[in-house]
Amino acid sequence: MTPHLLTHFAGGSRCAAHSGRVAPVFNPASGQHVASVPLADAADVEHVVADAAAAASAWGARSALDRARVLFKFRELCLANAEPLAALISDEHGKVRTDALGELQRGLEVVEFAVGIPHLMKGEFSDGVSRGIDMYSLRQPLGVVAAVTPFNFPAMVPLWMLAPALACGNAVILKPSERDPSCPLRLAELFAEAGGSPGVFNVLNGDAHAVNALLTDPRVQAVSFVGSTPVARHVYETAARNGKRVQAMGGAKNHLVVLPDADIDQVIESLIGAAYGSAGERCMAISVAVVVGAATADALVPRLAERVRALRVGSPADAASDMGPLVTAAHRNRVRGFIDAGERDGAQLVVDGRAHPAVNAPGFFLGGSLFDHVTAEMEIYREEIFGPVLCVVRVATADEALALCNAHRYGNGVAIFTRSGGAARDFAHRVQCGMVGINVPIPVPLAFYSFGGWKESAFGDQNQHGMDGVRFFTRLKTVTSRWPAGAAQASFTMPLLK
Ligand code: NAD
């Protein structure tokens, strides 16, 4: 099969790239090179930014109600196309089809939140703050904004950004991951079909060159980024230096703390899904189990190992698969490299995913791996592996478990499993993390809350979606208004309280 050539999306339709540079897009389940994605050059960036700049003010001038109706229609079209959208996700990412449908649904929940934009953008009004003077505030769109997204959620993370940005009246340039760009391109088509004005939702395909051009272009007012921490830091610093507002979410190493009184069956069921779902390629995946007490660990590890060995690793299209392949051969090699490092550093490899039979099939498959007796100095504990590898760290006390979570440079999600309300409450209060689960392994905030980590998991003070999304994608303006009957008297002093 000859790989087909993908395009950008600007001015309301797909458009051929100027640049001759391309990157291969693989089907991770077959290992085949199925498409080539253009990597934008300066002319491509200019084309897309100019289209967005031309469209922004008219879209921002449409009423919030009108924009909400377009988003409503967009949601309906996405739902009607859910299966083919999920297939596009699975075919380029490798996650199982039901998980792809789930990601789409979580993304559409942000659209559902954003259709409330006429209410969400309402300002404040104070009648008569002084004699004959009223004061009110309003939120206005920024203009052109950029959204730069990672490979692991090609629908959900773009929708986190697109829904509030578009609802607030901005024109968006989405720079999706070059590894799975087909679903984002299809979302742009559906938005145009829903009545979105041409130039309002654009897709610029490319790599670091395209991102860096957006970070320095004076027409781009804000940058919303999700990806790995080194790139998040670079995006945050560069965009801020160029006078833009920026939110940049980075990597993670999410811990699940098991106290001795936890329900072990519940812990096992939670760990198996949270560590190995989507082959561990989730920023909220649990990659470390911190087990308090040797007896708890001894009870947990053998039973967990049994479940890891039994994971059904196979085609994403097969309803029986628990886990599909990793996204690329290079990423699988990287994850394998971490497993090698864990062994070298002296961790006990209880289940070795490199030995899973699926590894011999075409495609980028790897079985689930489980390490026990991992320590804080080891590379597999310090680094984000982003694959189906779970590390068990044994500690003696709950305080030690908390200290471990707090000392890690990442602070995205964390969970505690216990039957003690007091212990859970104390942990939730003291842990240095943005999102906390109590007997919930993946505590992703729903669309009407905001998503974001602490420490090196996020740069910038506004999180994704919820009211933070509305605040991030608008500017606040406050108006002081007076309609005097005659000429007002000059005043040379700050007004005194009377
Ligand atoms: P990545 O950082 O490699 O890429 C993210 C985006 O940045 C892509 O669009 C890519 O083209 C672009 N990019 C890559 N290198 C760049 C550079 N040098 N300069 C400018 N732009 C560059 O991330 P990924 O591998 O696609 O995604 C996985 C990472 O994303 C993991 O670290 C994961 O934890 C993280 N992630 C975080 C969250 C969160 O909300 N915190 C959510 C999802 C994924």
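Check the entry above for the structure.
In what follows, the accompanying structure is described. (Residues numbered from 1 in each chain as written. Predicted model: local features only at pLDDT ≥ 70, side-chain atom pairs only at ≥ 80, totals over all residues. Heavy atoms only, no water.)

### So, the side chain of N27
Thinking step 1. Within the element layout of this structure, N27 appears in strand β4 (residues 22-27).
Thinking step 2. Owing to a relative accessible area of 17%, N27 belongs among the buried residues under this scheme.
Thinking step 3. Filtering out sequence-adjacent residues up to four positions away, N27 remains in contact with Q32, V34, D91 and F364. (Helix = DSSP H or I, 4+ residues; strand = E, 2+ residues; numbered from the N terminus. Buried < 20%, exposed > 50% of the residue type's maximum accessible area, 1.4 Å probe, protein only. Contact = heavy atoms within 4.5 Å.)

### Digging into the layout of surface pockets
Thinking step 1. Considering only enclosed or pocket space, the largest pocket measures out at about 810 Å³ in volume.
Thinking step 2. Lining the largest pocket are 39 residues, and of these P150, R179, G227, S228 and V231 lie nearest its centre.
Thinking step 3. For the lining of the largest pocket, the elements supplying multiple residues, two or more each, are α6 (156-167), α8 (208-216), β11 (220-226), α9 (229-241) and α12 (329-344).
Thinking step 4. Broken down by element, the lining of the largest pocket gets its largest block of residues, five residues, from α9.
Thinking step 5. Taken together, the residues that form the lining of the largest pocket break down as 18 nonpolar, 13 polar and eight charged.
Thinking step 6. The residue makeup of the lining of the largest pocket includes at least three contributed by each of domain 1 (4-250 + 457-478) and domain 2 (254-438). (1 Å grid on protein atoms, 1.4 Å probe; cavity = no way out; pocket = protein on both sides within 12 Å on 5 of 7 lines; lining within 4 Å. Points joined across faces, edges and corners; volume = space filled by probe spheres on them. Nonpolar A, V, L, I, M, F, W, Y, C, P; charged D, E, K, R; others polar. Domains from an automatic or database assignment.)

### Comments concerning the site of the ligand
Thinking step 1. Near the ligand there are 28 residues, and of these T149, K175, E178, S228 and E384 occur at the shortest range.
Thinking step 2. R179 places a polar side-chain atom, nitrogen or oxygen, 3.4 Å from an oxygen atom of the ligand.
Thinking step 3. Residue E384 places a side-chain N or O atom 2.6 Å away from an oxygen atom belonging to the ligand.
Thinking step 4. Protein coverage of the free-state accessible area of the ligand, which is 850 Å², stands at 88%.
Thinking step 5. When atoms are counted within 2 Å of each cavity's grid points, the one that captures over half of the ligand is the largest pocket.
Thinking step 6. When contributions to the shell around the ligand are tallied by element, the ones reaching two or more residues are α8, β11 and α9.
Thinking step 7. When its residues are assigned to classes, the shell around the ligand shows 15 nonpolar, nine polar and four charged. (Near = heavy atom within 4 Å. Polar contact = N/O pair within 3.5 Å; in protein donor to acceptor, adjacent residues only side chain to side chain. Areas by Shrake-Rupley, 256 points an atom, 1.4 Å probe, with all protein chains shown as cover. Sits in = over half its atoms within 2 Å of the grid points.)

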